[in-house]
Amino acid sequence: MSKDAVDTAGAASRTGATQSPADAGDAGYSKGLKARHVNMIAIGGAIGTGLFLGAGGRLHDAGPALAVAYLVCGAFAFFVVRALGELVLYRPSSGSFVSYAREFLGEKGAYVAGWMYFLNWSTTGIADITAIALYTHYWSFFTDIPQWVLALIALAVVLAVNLISVKIFGEMEFWFAIIKVATLVGFMLIGIFLLATQHEVGGHTPGPGLVTDHGGLLPHGMMPVVLVMQGVIFAYAALELVGVAAGETEEPEKVVPRAVNSIMWRVGVFYVGSVVLLALLLPGSVYTADQSPFVTVLSKIGVPAAGDVMNLVVLTAAMSSLNSGLYSTGRILRSMAMAGSAPRFTAKMNRSQVPYGGILLTSAVCVLGVVLNYLMPSQAFEIVLNVASLGIISTWVIIMICHLVFVRRAKEGLVTRPSFRLRGSPVTEIVTIAFLLAVLGLMWNDPEVGRKTLLLVPLIAVLLVAGWFGVRRRVTKTQDEELNGLTK
């Protein structure tokens, strides 16, 4: 429903203000996700390619201070998901923040939110299939197969699985998350054992000495830590999946608070704890961007096939992330299509109530990633990671702006806030927005990739404006039809 329609309804009846507006994009879903699915989707969103692959190159560049970067970014990520969680309890929607942007910011806000999120996940999909190809090349059997071929195979497999049904998606994500969590816990137990026994790892004795003897927390100064911030934000990029998944579960009011509240300890244990352990087991200079840091450690401790096992797990994590990206963009694009701001075919659903049109559109963009892997296999991951960061930062900023407007309307008596809330409004939202914009601006200090990525902002802005002029008539027509339906 459009912003104008919501305002009109609110002005007509104050009692009607407590009745949450419906989103046409929410019709037709099966509500097939159970509580355990949503909980594990939240966990899976917090553990993905950004940690399993991205942490290696970031440790090499930034050193042990990377753990602080993960902690700081994790706190702001929690604020964003907490704000989204409050909006979900106010009105669950598979369109998630796009639906909320439509209500609180109007159709232009929903249009920008949806297409920037599509930019995020379509480029993240490219990063994921790149990671899958890199992981597969770890085994000598696949070394001779071109990276782009492996990327194409991965995309085809995940696409086929995602189109079956939401129950299959939820079940796969459940077990993917179980594997990721169990593996990280196992790695941390091994790491703690190596620290306690002072067992050598690749010729180095684990402990604080590896930090102090190799330049301390900031071996290369503060700037590398600043430059990796956008990559750290990318590592948390799938946390907002909780909001999308809530639209296909029966009891979001019970499931969402538990999932959101558990995010903070996951960040502390899995991200910060893992990076601290990695820094204490090997010098940062040993880690590389083209190999998972967990594989690096386990390969050096002399355990047969340890690296192979971990590599298989991180391969699973990348497949999980790609699966989640296709799932979420399918729902977001359908919400937009029902309002007229996305191609009509993305609103189509198959017999299993899966919005296959949007999923296929995202997959088509991922095919461009296959081309990128063919042209620049060594740079593909970092390039798309930075572009994806533009998408996720803009998405998180829009979520916080929506929450600001939501709280303001609650104070005016137009809507009712649930008991599950983001505390400290409006300060929390403003500080979070400022931090996210600062991370975006700091990318300018990276002349190799970050600065080139920021130079894409004007181009993206031009494309968004041009696209809006292309769809605005259809959006206006859809709004008029909704208003006519309300007045009948």
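Everything discussed here concerns the structure shown above.
Only a predicted model underlies this, so the values are computations on that prediction, with no experimental measurement involved.

Caption draft 1: Region of the structure containing the packing of helix 14 (residues 252-261) against helix 15 (residues 263-281). Running from N to C, helix 14 and helix 15 point in directions that differ by 30°, and their axes come no closer than 4 Å. The angle between helix 14 and helix 15 falls in the class roughly parallel. Across the interface between the two elements, Ala-259, Val-260 and Asn-261 of helix 14 pack against Ile-263, Met-264, Trp-265 and Arg-266 of helix 15. Considering only residue class, the contact of helix 14 with helix 15 consists of five nonpolar, one polar and one charged.

Caption draft 2: Just the environment of Arg-417, in detail. With respect to the element layout, Arg-417 can be found in the loop between helix 19 (380-411) and helix 20 (427-442). Note on Arg-417: relative accessible area 18%, which makes it buried. As for Arg-417 and Phe-406, which are separated by eleven residues in sequence, their C-alpha atoms are 8.2 Å apart. Among residues more than four places away in sequence, those in contact with Arg-417 are Glu-86, His-403, Phe-406, Val-407, Ala-410 and Leu-422. Of the polar contacts made by the side chain of Arg-417, one reaches the side chain of Glu-86; its length is 2.5 Å.

Caption draft 3: Seen up close, the packing of helix 6 (residues 96-105) against helix 17 (residues 306-339). Where helix 6 contacts helix 17, the axes come no closer than 8 Å and their chain directions differ by 30°. Judged on the interaxial angle alone, helix 17 and helix 6 are roughly parallel. Facing helix 6, whose interface residues are Ser-96, Phe-97, Val-98, Ser-99 and Arg-102, helix 17 presents Ile-332, Ser-335, Met-336 and Ala-339. Residue classes in the contact of helix 6 with helix 17 are distributed as five nonpolar, three polar and one charged.

Caption draft 4: Structural detail: unusual backbone geometry. For the peptide bond that leads from Ser-425 to Pro-426, omega is 5°, which places it in the cis range. Take Pro-426: it is sitting in the loop between helix 19 and helix 20. Of note, Gln-198 is a non-glycine position whose phi angle comes to about 60°, a positive value. Looking at the secondary structure, you find Gln-198 in the loop between helix 9 (166-197) and helix 10 (209-212). A relative accessible area of 41% places Gln-198 in the partly exposed class.

Caption draft 5: Looking closely at the nonpolar core. With 145 residues, the main nonpolar core has Tyr-70, Phe-187, Ile-233, Tyr-236 and Trp-396 as its most contacted residues. Here this core gets 15 residues from one element, more than from any other, and that element is helix 5 (residues 66-90). Sequence-distant contacts of Ile-233, defined by excluding residues within four places in its chain, comprise Cys-73, Ile-392, Ile-393, Trp-396, Phe-435, Leu-436 and Val-439. Grouped together as the second largest cluster of nonpolar side chains are five residues, Ile-126, Phe-234, Val-384 and Ala-388 included.

Caption draft 6: Focus on helix 5. When the terminal C-alpha atoms of helix 5 are compared, their 36 Å separation across 25 residues agrees well with the 36 Å that a helix rising 1.5 Å per residue should span. With respect to burial, helix 5 is a largely interior element, 19 of its 25 residues being buried.

Caption draft 7: Layout of the layout of surface pockets. Size it by volume and the second largest pocket reaches roughly 310 Å³. Trp-115, Leu-119, Ile-460, Leu-463 and Leu-464 are the residues nearest the centre of the second largest pocket, which is lined by 16 residues in total. Elements with a contribution of two residues or more to the lining of the second largest pocket: helix 7 (107-136) and helix 22 (456-487). No other element matches helix 22, which puts seven residues into the lining of the second largest pocket. Residues that form the lining of the second largest pocket fall into these classes: 13 nonpolar, two polar and one charged.

Rules of the game
- Residues numbered from 1 in each chain as written.
- Predicted model: local features only at pLDDT ≥ 70, side-chain atom pairs only at ≥ 80, totals over all residues.
- Heavy atoms only, no water.
- Axes fitted to C-alpha atoms, helices over the stretch in contact; angles between N-to-C directions.
- Helix = DSSP H or I, 4+ residues; strand = E, 2+ residues; numbered from the N terminus.
- Parallel < 35°, antiparallel > 145°, perpendicular 65-115°, else oblique.
- Contact = heavy atoms within 4.5 Å.
- Nonpolar A, V, L, I, M, F, W, Y, C, P; charged D, E, K, R; others polar.
- Buried < 20%, exposed > 50% of the residue type's maximum accessible area, 1.4 Å probe, protein only.
- Polar contact = N/O pair within 3.5 Å; in protein donor to acceptor, adjacent residues only side chain to side chain.
- Core = buried A, V, L, I, M, F, W, Y, C linked by side-chain atoms within 4.5 Å.
- Expected span 1.5 Å × (residues − 1).
- 1 Å grid on protein atoms, 1.4 Å probe; cavity = no way out; pocket = protein on both sides within 12 Å on 5 of 7 lines; lining within 4 Å.
- Points joined across faces, edges and corners; volume = space filled by probe spheres on them.

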